[in-house]
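Residue-level listing of the chains:
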Amino acid sequence: MTRKIISILLCAALTLLTGCTKTSQLHERLIVQGIGVDLVEGQYVVTMQVFDAVNSGNGEEDEALVVSAQGKSVLDAFTNITLQTGKEPLYSQNMVVIIGEDTAKQGINKVMDFFIRYYEARPEVDIFVVKDTAFKLLRSKGENGKLLKSQDISTLAGSGALNASAVQSTIRQVVSMLQNKTADPHMIALKMTERKDGAVVSVDGTAVFDGDVLTGYLGLEETQGAMMVLGKTVNGTQVLEIPDVGNVTYAVSGIESKIKVSVEDDKPVYDIAVNVTANLFEIDHSIRDKLPADAFDVMQAALEQRVKQLCLQAIKTTVMDYRCDVFHLGNRLWKQQPDYYRRVSDQWKQIMTTSQFRITVKADLKRVGQEVNPL
């Protein structure tokens, strides 16, 4: 009997609580699809692309709206947007977060705090740095005269799986790297190209950070090298000019890397073994002329040399020039040489720039298709 009474009382309490809670209807909220953050003269400028639920069913072709506001903090700017619209933002549908270049140079810790504290913010949202302002990007119109939509920008995050020139990062990953003493964040860099008929947004390498401060960029080829060092390359192409053969196009189908750390002369040494699987996709060579007997070996060696070159260039730019640890070098050192790492951890960034890197590349090159002039 006692359990029955308790159950009745709980049901009554839940009913009363439900009755006192106001549930916002869809048309009463701003369905956020993209968020941009800029820091201008000490004020945060937040720009949001939102879905227009009211006009979405009346034949309007462009269903996205853009709203902006500024404030003393990111949350303050979000709050000021509600003063303009009278609607509460719904962040659970957000697809991208874009940080303006000048803002990233001033540090992103304060920007990130809102996205990890607010309960509706999704940690797996893709994050970018734009080589301009986020305000301008989210308000730009494309070549068709329509607004550049957040879902189109979000699609660029996955382009690295197709061309190996983009390193995708999410809010969760960036926050994790900010909290890690032995790693620095990185994210896709976007550029805007203005044309007569509208703007074009494209991937332009990788933004790399020293702590939370943007310190520089990797170009597209350096980004390829970084992904190769990390063993993250799935697809991509390399085109090399080889004497007595011509232009050879390789279709990379996978890369694996293993990194071993040792200490020599009181300095870290990283031995990086990279295994490349690629298809011989195209040879710009006259089909009337017979290729040299050793052509296949030459092409395989050329690919190995190219991959090694890309890896070394990526390491030089990030580690030596920018002093950024995007390869988790400190973490690898701590795991494999813990005693040494404990001794140098207080001056890790300085020690990192004195490290030695030895790269070996092994290519598994495969022939594809029927060749008119077989090797």
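None of these values were measured; they are calculated from a predicted model.

Next up on the list: the pairing of strand 1 (residues 29–40). Across the 12 residues of strand 1, 11 count as buried, placing the element largely inside the fold. Bridging between strand 1 and strand 4 (residues 88–90) involves three bridges; their strand directions are parallel. Across the sheet, residue Leu 30 finds its bridge partner in strand 4, namely Pro 89. Sheet topology note: the strand 1/strand 2 (residues 43–51) ladder contains nine bridges and is antiparallel. Residue pairing in the sheet places Val 32 in a bridge with Val 50 of strand 2. Here strand 1 folds back onto strand 2, and the loop between the two strands holds two residues, one of which, Glu 41, carries a positive phi near 50°. For strand 1 and strand 5 (residues 96–100), the ladder comprises four bridges, and the chain directions are parallel. Its bridge partner being in strand 5, Ile 35 is matched across the sheet by Val 97.

For helix 11 (residues 329–336), the complete set of buried residues consists of Leu 329, Gly 330 and Leu 333. The arc that holds every buried residue of helix 11, seen down its axis, measures 100°, which confines them to one face. At its buried positions, helix 11 is contacted by strand 11 (246–264), strand 12 (267–284), helix 10 (295–321), helix 12 (338–344), helix 13 (348–352) and strand 13 (356–367).

Let's shift gears to the nonpolar core. One broad rule of soluble globular proteins: the nonpolar side chains tend to lie buried together. Residues Tyr 250, Tyr 270, Ile 272, Val 274, Val 276, Met 299 and Phe 327 are the most contacted members of the largest nonpolar core, which totals 48 residues. The leading source of residues in this core is helix 10, at 11 residues.

Attention now moves to the side chain of Thr 170. Residue placement: Thr 170 occurs in the loop between helix 7 (160–163) and helix 8 (171–179). Beyond its immediate chain neighbours, meaning those up to four positions away, Thr 170 contacts Pro 123, Glu 124, Val 125, Asp 126 and Ile 127.

The next subject is the pairing of strand 5. Consecutive side chains along a regular strand alternate between the two faces of the sheet. Along strand 5, five of the five residues are buried, which leaves the element largely enclosed by surrounding structure. As judged from the five bridges shared by strand 5 and strand 6 (residues 126–130), these two strands associate in the parallel manner. Directly across from Val 96, in strand 6, lies its bridge partner Asp 126.

Below, the discussion takes up the sheet that holds strand 13. Spatially, four strands are ordered 10-11-12-13 in an open sheet, and the strand pairing comes out mixed. If you trace the sheet from one side to the other, it starts and ends with strand 10 (237–242) and strand 13, each paired once. Averaged over all neighbouring strand pairs, the angle between strand axes comes to 35°, with direction disregarded. Where strand 11 and strand 12 come together, 17 bridges link them in antiparallel fashion. Bridge pairing in strand 12 links Val 261 to Tyr 270. Docked against the sheet, helix 9 (residues 220–230) engages strand 10, strand 11 and strand 12, running at close to 55° with respect to strand 11.

A few words now on the pattern of salt bridges. Per the stated rule, a full pass over the model turns up 14 salt bridges. Linking Lys 366 and Asp 364 is a salt bridge whose minimum nitrogen-to-oxygen distance equals 3.2 Å. According to the relative accessible area criterion, Asp 364 is partly exposed, its value standing at 37%. What emerges from the salt-bridge pattern is a single network uniting Asp 132, Lys 136 and Glu 194.

Contact pair helix 9 / helix 10: the axes reach a minimum separation of 7 Å and the direction vectors enclose 100°. Relative to helix 10, the element helix 9 lies roughly perpendicular. Contacts between helix 9 and helix 10 involve Glu 221, Glu 222, Gln 224, Gly 225, Ala 226, Met 228 and Val 229 on the former and, on the latter, Arg 306, Val 307, Leu 310, Cys 311, Gln 313, Ala 314, Ile 315 and Thr 317. Residues belonging to the contact of helix 9 with helix 10 are distributed by class as follows: eight nonpolar, four polar and three charged.

This prediction gives the protein a mean pLDDT of 85; 84% of its residues lie at or above 70. When the criterion is pLDDT under 50, residues 14–22 qualifies, and its contacts beyond four places in sequence or with other chains add up to zero contacts.

Procedures and definitions
- Residues numbered from 1 in each chain as written.
- Predicted model: local features only at pLDDT ≥ 70, side-chain atom pairs only at ≥ 80, totals over all residues.
- Heavy atoms only, no water.
- Buried < 20%, exposed > 50% of the residue type's maximum accessible area, 1.4 Å probe, protein only.
- Helix = DSSP H or I, 4+ residues; strand = E, 2+ residues; numbered from the N terminus.
- Pairing = 2+ DSSP bridges.
- Arc of directions from axis to C-beta.
- Contact = heavy atoms within 4.5 Å.
- Core = buried A, V, L, I, M, F, W, Y, C linked by side-chain atoms within 4.5 Å.
- Axes fitted to C-alpha atoms, helices over the stretch in contact; angles between N-to-C directions.
- Salt bridge = Lys/Arg side-chain N within 4 Å of Asp/Glu carboxyl O.
- Parallel < 35°, antiparallel > 145°, perpendicular 65-115°, else oblique.
- Nonpolar A, V, L, I, M, F, W, Y, C, P; charged D, E, K, R; others polar.
- pLDDT = per-residue confidence, 0-100.

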